[in-house]
Amino acid sequence: MLTCEVCGEELLLEEDMKTHLLLVHLESDLHCPLCFLPADSYDQVHAHMSEAHPEGQDNLPKHPSSTSASTSRVPVGQSEDAPAKKAKCIRASTLVNLKSQEQEIPPEPEHTGPVSGTLSAEEPETSQESDNSQPRELCSSGGRPGSFQAMERSGEPEQWLKSPQRLLSCPMCALVCSSPSVLQEHVELHLEEQNPEKAGRMLWECPVCSAECTDSVVLQEHVELHLDPCAGNSSTDLKLAVQLQQEEEDRRRREEAWQEKEHFKKLQKHYGLDGSGGYRRQMEKTMEREVARGLLAPADFHCKKADLMESLASGIDDGRSRTCGAVEALTEFYQTKVRDCVHVWLCADTDHFGASTGDKGWGCGYRNFQMLLSSLHRTEPYASSLQEKAVPSIPQVQRMIEEAWKAGLDPQGASHFNQRLQGTRAWIGATDIYVLLTWLGVRARIVDFHQPTGPGDTHPRLFDWVRQYFLQSSQSSRLPPKVIRTSLPPLYLQHQGHSRTVVGVEQKKNGSLCLLLLDPGSTLSLSSDAVSAAIRHIRKFPSSLKHKQYQLLTVQGVLSAEDKQAAVFNSRTFCAERIP
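Residues numbered from 1 in each chain as written. Predicted model: local features only at pLDDT ≥ 70, side-chain atom pairs only at ≥ 80, totals over all residues. Heavy atoms only, no water.

**Some remarks on the overall build of the protein**
Thinking step 1. What the protein contains, in helices and strands, is 18 helices and 21 strands.
Thinking step 2. Within the protein, the proportion of its 580 residues that are buried is 40%.
Thinking step 3. Long-range contacts, defined here as pairs at least 24 residues apart, represent 62% of the contacts in the protein between residues at least 6 apart.
Thinking step 4. As displayed, the protein has an accessible area near 32500 Å², and 50% of this comes from carbon and sulfur atoms. (Helix = DSSP H or I, 4+ residues; strand = E, 2+ residues; numbered from the N terminus. Buried < 20%, exposed > 50% of the residue type's maximum accessible area, 1.4 Å probe, protein only. Contact = heavy atoms within 4.5 Å. Areas by Shrake-Rupley, 256 points an atom, 1.4 Å probe, with all protein chains shown as cover.)

Structure below.
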């Protein structure tokens, strides 16, 4: 059995021992097995140990070339004493594994302090390794092992030792390291050993009194003592709790105020009150998009813009979306093509006004007012009392409503719109039409159907009221004809998000009623081929009107000067007739 004198490993064959020395010791970094001083060759290790560790001569590693001689000196079955062999094995294993396990702290050598040494010619010492080896001189400064240097021998310079890299010594022990990071980790281990209670400890600070706790559980119990009025200073903790609650309430109020503000901005944008432009601006943007898409020539764009500016300056609607003779077309259709109805009541002649590119999406209230006004212009006594002899444009209608506000009508509505409609896309409803008609000297009335009165959220009371409205014009006891033309103005019908104009009511043979509505959101074609298709959009049965609330505005004569003054005063608080 062969034993490696460097690391103490036991091998059977001499070839295995050579391979072991070559792979494990010769090709790896060499160090002194006693003080871990690095070396470049086994000769350096022998020279250093003979100088710095004379007592460890028996532990000198042998050169691989003399492995056979070295191993033959130790007979099989003969070994060193157990303690010395164990210490040598520990030092050797630490030497070999130091590079791969930098976190491990090697055994502390005998000498402490930094290690340094140089060769000198003044104090030579000869160490012979074999018969072919020559004496080499070595000197240690301060009696400690140091770095090796080559010296001249027999007048011929021979550099047989190499200068090692710069070494760093531990200030707390005799460990020598070549890497600063390894030395730093090693010193931190010393500090943790000196103060084990502070190593890796995380402190938790109390948010109330800034006290430090060792863990989260202790911190929670500590904070609960602050919040418990029965423990500690109850008055201080109660004040703190009240303060925290007040801060939470303030934060909640601020958040609600912010949400309400954002919601109000969305409503303003939805109802055209965000200042993004009105009828003119929307018309110009639409024409610009058509030019960009190649749908409109630049010359046509300038012509249309000039017509728009002329119409806006005159205040009269350009009539591009106006369809005349709607009631006449309905009369002819019911007289010739409808067989399943008993009676049809129609209002006075009314023109249809559809939405244009300038008011699409928001102009239904203005267009329904134009339909109502077109009928009043043909009906006495309204035609003679109205100063407006032509149907105004939408910007002109907005200006007229602003004038009505300045006259004292509907101060709440004026405040709602911030006293301004021109240049906006603001929606208007039944109350705004009431204000406008009152300012024009026309008596108006609002009937509010505030809840459904039939199955399936229908409003049969609404249909009955419209039928009674048209029946008031027929006082004859004779059997009425199938189609009854009245001189009554149409009705303004308002519901959430939209409004339409009621121009008549139809009664079926089974007694069911059907309203005839003109919708400004759709186009109306009265050609002979398109009348039947248009009638399908005009006829609305109870199952088609299922909004929660409806409002009807009806015209009921002309106002005198005194009545108009009273109506202006009463407009401060609107009182609508509620059904049911």
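**Focus on the packing of helix α11 (residues 364–376) against helix α15 (residues 430–439)**
Packed helices, taken two at a time, are described by the angle their axes make and the gap between the axes.
Thinking step 1. α15 packs onto α11 with a crossing angle of 35° between their chain directions and a minimal axis gap of 11 Å. When you trace α11 past α15, the crossing you get is right-handed. Of the residues in α15, those in contact with Gly365, Phe369, Leu372 and Leu376 of α11 are Ile433, Leu436 and Leu437.
Thinking step 2. For the contact of α11 with α15, the residue count by class is six nonpolar, one polar and no charged. (Axes fitted to C-alpha atoms, helices over the stretch in contact; angles between N-to-C directions. Left-handed = near helix turned anticlockwise from the far one by under 90°. Nonpolar A, V, L, I, M, F, W, Y, C, P; charged D, E, K, R; others polar.)

**Topic: unusual backbone geometry**
Thinking step 1. In the segment running from glutamate 380 into proline 381, the intervening peptide bond is cis, with an omega of 5°.
Thinking step 2. Following the sequence through the fold, proline 381 ends up in the loop between α11 and α12 (382–385).
Thinking step 3. Across the junction of isoleucine 579 and proline 580, the peptide omega takes the value 0°, indicating a cis bond.
Thinking step 4. Following the sequence through the fold, proline 580 ends up in the segment after β21 (577–578).
Thinking step 5. The phi angle at serine 210 is positive, at roughly 65°, despite the residue not being glycine.
Thinking step 6. Note on placement: serine 210 falls in the loop between β9 (204–205) and β10 (212–213).
Thinking step 7. A positive phi is found at aspartate 457, a non-glycine position, where the angle reads about 60°.
Thinking step 8. Secondary-structure assignment places aspartate 457 in the loop between β14 (442–449) and α16 (460–471).

**Quick notes on α15**
Thinking step 1. The buried fraction of α15 is high, at eight of 10 residues.
Thinking step 2. If you check which residues of α15 are buried, you get Ala430, Asp432, Ile433, Tyr434, Val435, Leu436, Leu437 and Thr438.
Thinking step 3. Residues of α15 that are buried sit in contact with α11, α13 (394–406), β14, β16 (491–495), β20 (550–558) and α18 (561–570).
Thinking step 4. Glycine 441 sits one or two residues past α15 and shows a positive phi near 90°.

**Looking at the packing of aromatic side chains**
Thinking step 1. Going through the model one piece at a time under the given rule, you end up with six aromatic pairs.
Thinking step 2. With a centroid separation of 5.7 Å and 85° between ring planes, the pair formed by phenylalanine 333 and tyrosine 334 is classed as edge-to-face. Here phenylalanine 333 matches tyrosine 334 in class, with each residue buried.
Thinking step 3. Centroid distance tryptophan 465 to tyrosine 469: 6.0 Å. Interplanar angle 10°. Geometry classified as stacked. Placement of the pair is tryptophan 465 and tyrosine 469 together in helix α16, with a separation of four residues, close to one helical turn. Neither residue differs from the other here; tryptophan 465 and tyrosine 469 are each classed as buried.
Thinking step 4. What links up through ring pairs into an aromatic cluster is the set Trp465, Tyr469 and Phe470. (Phe/Tyr/Trp six-rings, centres within 6.5 Å; stacked < 30°, edge-to-face > 60°.)

**A word on the environment of isoleucine 316**
Thinking step 1. Mapped onto the fold, isoleucine 316 is located in the loop between α9 (298–314) and β11 (322–323).
Thinking step 2. Sequence separation between isoleucine 316 and glutamine 396 is 80 residues, and the spatial gap between their C-alpha atoms is 7.4 Å.
Thinking step 3. Every residue in contact with isoleucine 316, bar those within four places of it in the chain, is listed here: Ser311, Ala390, Val391, Pro392 and Ser393.

**A short note on a nonpolar patch on the surface**
Thinking step 1. Side chains of Met1, Leu12 and Leu13 sit close together on the surface and give an oily, nonpolar patch of about 320 Å² of accessible area.
Thinking step 2. Of note, leucine 13 is situated in the loop between β2 (10–11) and α1 (14–26). (Patch = residues over 30% accessible without salt bridge, like charges linked within 9 Å, V, L, I, M, F, W, Y side chains within 5 Å. Salt bridge = Lys/Arg side-chain N within 4 Å of Asp/Glu carboxyl O.)

**Structural notes on the side chain of threonine 501**
Thinking step 1. When you line up the elements, threonine 501 lands in strand β17 (residues 498–508).
Thinking step 2. One polar contact links threonine 501 to asparagine 368, side chain to side chain, over a distance of 2.6 Å.
Thinking step 3. With near-sequence residues (within four places) excluded, threonine 501 lies in contact with Asn368, Met371, Pro490, Leu491, Leu516, Leu517 and Leu518. (Polar contact = N/O pair within 3.5 Å; in protein donor to acceptor, adjacent residues only side chain to side chain.)

**A word on the nonpolar core**
Thinking step 1. Tyr334, Phe449, Leu462, Trp465, Val466, Phe470 and Leu552 are the most contacted members of the largest nonpolar core, which has 44 residues in total.
Thinking step 2. Tallying contributions element by element places α16 first for this core, with six residues.
Thinking step 3. For valine 466, the contacting residues outside a window of four places in its chain are Leu491, Val502, Val505, Leu515 and Leu552.
Thinking step 4. Ranked by size, the runner-up nonpolar core spans 40 residues in total, among them Leu296, Trp362, Leu373 and Val435. (Core = buried A, V, L, I, M, F, W, Y, C linked by side-chain atoms within 4.5 Å.)

**Details of the confidence of the model for the protein**
Detail in the predicted coordinates should be disregarded across regions flagged by low pLDDT.
Thinking step 1. For the protein, per-residue confidence averages 78 on the pLDDT scale, and residues scoring 70 or more make up 75% of the total.
Thinking step 2. Note that residues 59–164 has pLDDT below 50 and, in this model, 167 contacts with residues that lie over four places away or in other chains. (pLDDT = per-residue confidence, 0-100.)

**Focus: a negative patch on the surface**
Thinking step 1. A surface patch of like charges, here negative, comprises Glu185, Glu188, Glu192 and Glu193.
Thinking step 2. Mapping glutamate 185 onto the fold places it in helix α5 (residues 180–194). (Lys, Arg positive; Asp, Glu negative; His and termini not counted. Charge placed at Lys NZ, Arg CZ, Asp CG, Glu CD.)

**Remarks on the pattern of salt bridges**
Thinking step 1. Evaluation of the coordinates by the stated rule reveals 21 salt bridges.
Thinking step 2. One salt bridge in this structure joins glutamate 256 and arginine 252, with 2.8 Å as the shortest N-O distance. Separated by four residues within a single helix, glutamate 256 and arginine 252 lie in helix α7 (residues 234–270), roughly one turn from each other.
Thinking step 3. Since its relative accessible area comes to 40%, glutamate 256 is described here as partly exposed.
Thinking step 4. Residue classification places arginine 252 among the partly exposed positions, given a relative accessible area of 34%.
Thinking step 5. One continuous salt-bridge network, built from bridges that share partners, spans Arg322, Asp349, Asp351 and Arg378.

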